[in-house]
Amino acid sequence: MQRREAREFVLSLLYRHEFVETPLADLLDEVDTGDQRSYVERVYLGILDRRAELDALIGERTVGWRFERLALIDRNILRLGAFEILYLPEVPPQVALDEAVELAKKYGTENARSFINGILDRIWKESGRHAGAEREAGCRGAAGEAGATGEGPRGKRASAYLRAKERLGKAVGIAVERVSLTSPTTETLLRTVRDLACDPDVPALLVEAPLPDGVDTQAIRDALPLEKDVDGAGTAALGRLLAGGGGYLPATAEAVVTLLHSYGIRIAGRRVVVVGRSLVVGRPLALLLLAEDATVTVCHSRTTDLAAITREADLVCVAVGRPGLLTGEMIRPGAAVVDIGTSSVDGKIVGDAHWASVSEVAGAVSPVPGGVGPLTNVLLLEHVAEATERAAR
Ligand code: NAP
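Residues numbered from 1 in each chain as written. Predicted model: local features only at pLDDT ≥ 70, side-chain atom pairs only at ≥ 80, totals over all residues. Heavy atoms only, no water.

**Describing the sheet that holds strand E5 (residues 295–299)**
Sheets are built from strands paired through backbone hydrogen bonds, the pairs being either parallel or antiparallel. Defined as follows: When DSSP finds two or more bridges between a pair of strands, those strands are recorded as paired. The secondary structure listing takes helices from DSSP runs of H or I that are at least 4 residues long and strands from runs of E that are at least 2 residues long, numbered from the N terminus. The contact criterion used throughout is that any non-hydrogen atoms of two residues lie within 4.5 Å. Structural elements are reduced to axes, namely lines fitted to C-alpha atoms, with helices fitted over the stretch in contact, and the angle between N-to-C directions of any two is expressed from 0 to 180 degrees.
With respect to topology, five strands assemble into an open sheet ordered E5-E4-E6-E7-E10, the strand pairing being parallel. With partners counted over all chains shown, the strands left at the sheet margins are E5 and strand E10 (364–365), one partner each. Pairing analysis gives four bridges linking strand E4 (residues 271–275) to strand E6 (residues 315–318), with the strands arranged parallel. Pairing of valine 275 across the sheet is with valine 318, part of E6. Here helix H15 (residues 282–291) sits on the sheet and contacts E4, E5 and E6; the angle it forms with E4, its principal contact strand, is near 170 degrees.

**Here we look at unusual backbone geometry**
Here the amide bond leading from alanine 209 into proline 210 is cis, since omega sits at 0 degrees, within 30 degrees of zero. Structurally, the position occupied by proline 210 is in the loop between strand E3 (204–207) and helix H12 (217–222). Cis peptide bonds are those with omega within 30 degrees of zero, and the linkage from valine 368 to proline 369 qualifies with 0 degrees. Secondary-structure assignment places proline 369 in the loop between E10 and helix H18 (372–392). The backbone phi angle of aspartate 293 is positive, close to 70 degrees, even though this residue is not glycine. Looking at the element boundaries, aspartate 293 is found in the loop between H15 and E5. Phi angles above zero are rare outside glycine, and aspartate 346 is one such case at about 50 degrees. Here aspartate 346 is to be found in the loop between strand E8 (343–345) and strand E9 (348–350).

**With respect to helix H6 (residues 93–107)**
Our working rule: Expected helix span is computed as 1.5 Å times (number of residues minus one). When a residue's accessible area, from a 1.4 Å probe over protein chains only, is under 20% of the maximum for its type it is buried; when over 50% it is exposed; and in between it is partly exposed. Arc definition: it is the arc formed by the directions from the helix axis to the C-beta atoms.
Over its 15 residues, H6 runs 21 Å from end to end, which matches the ideal 21 Å to within 8%, given 1.5 Å per residue. Taken residue by residue, H6 has Pro93, Ala96, Leu97, Ala100, Val101, Leu103 and Ala104 as its buried positions. For H6, the buried positions fall inside an angular range of 160 degrees around the axis, keeping them on one side. Facing away from the buried side of H6 by over 90 degrees, the exposed positions are Lys105 and Lys106.

**What about the packing of helix H4 (residues 51–61) against helix H5 (residues 72–87)?**
What counts is decided by this rule: These descriptions rest on fixed angle ranges, namely under 35 degrees for roughly parallel, over 145 for roughly antiparallel, 65 to 115 for roughly perpendicular, and the rest for oblique. In this count, Pro and Cys sit with the nonpolar residues alongside Ala, Val, Leu, Ile, Met, Phe, Trp and Tyr, while Asp, Glu, Lys and Arg are called charged and the others, Gly among them, polar.
Between H4 and H5, the shortest axis-to-axis distance is 10 Å and the interhelical angle comes to 100 degrees. Classified by the angle between their axes, H4 and H5 sit roughly perpendicular to one another. Residues Arg51, Glu53, Leu54, Asp55, Leu57 and Ile58 of H4 pack against Leu78, Arg79, Ala82, Phe83, Leu86 and Tyr87 of H5. When grouped by side-chain class, the residues that make up the contact of H4 with H5 number eight nonpolar, no polar and four charged.

Have a look at this one:
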């Protein structure tokens, strides 16, 4: 029995409980595996035990609705969602909420569906589960001073990238803790990262770029121990990637390949051009695409006649940081374009592809904002979850 079925089974038990007095042991015989059986028992009995308390909590938030007048199925979906959010630490609150909404869509009454999400969201936000979640996983982003204070364009960028990770971390129950230094130098940052590297309570580390001028970013990344280097940024992780894998993959490069797979865009055997050769994006991406059997050309600022090269490609991945660098005339009709660039122009985030002309010619193009950026953060947090699990073993 899958978790989904187990939840549905709990709902059916709660329903039957209203009408028949069957001993739980008999009902539980319908559940086959040990794991799900213990979930069903824990949740079903937990809800019965705390029903008055749960009903009062939900009732206070059903503004404009009388809880006791709701259909039994809606009440039970709310009880189940609230119970998981409040009392099951192993279930991320966002998952509990999403699954309750899914149950509401499948079984709930039409009237109640719209507010089940809202009520459970409030219960989660007011539950302090965010604070509790911090014990579940940790990822510290070491940012430069400007990143902390928001001074200067580089610091503002690092700070914005970290904020997006903090937001996503909060949503999935992973604590992203920012460590910022005043007037950081390579030495002070190295000391900080080395301290964090030895901290057993920190399973994952990330150095958020750009760091201030004069700081040796790669030296800082090289201080990350392989098992905590969740963005595969240190030389050890990059070496593993070159040799065929083993460390965490650089999340942006992984996001590009994941995106291509999920949209069914073939990589094997195709001519791919990667524009940009940085250690964080361009080079790892070229290696990943090569590992996927593409024929890869890497271009950079010294490439002559970039357009002639990109026009030959079935797929162009652009990671430069120059808005509008890639135009429609530079690509073959029907080619796919993955835009990795992110720059701020007049307060708006834009990519490297000139959207209007590229989207006219390309068969597929990833948007900015959206596309690679959010997926990168999701993969990064997946790595954090994995590092947390490994550290706990
Ligand atoms: P970077 O370290 O500055 O590297 C830029 C690369 O672009 C360099 O290899 C550079 O060549 C090349 N380049 C510069 N001008 C060029 C031109 N006119 N024609 C062809 N190539 C040119 O930047 P990065 O860290 O790789 O980041 C690149 C972009 O991706 C930025 O916009 C960044 O914000 C974005 N990014 C996005 C994510 C995400 O998750 N979405 C993650 C990381 C970065 P040289 O090597 O010759 O200097």
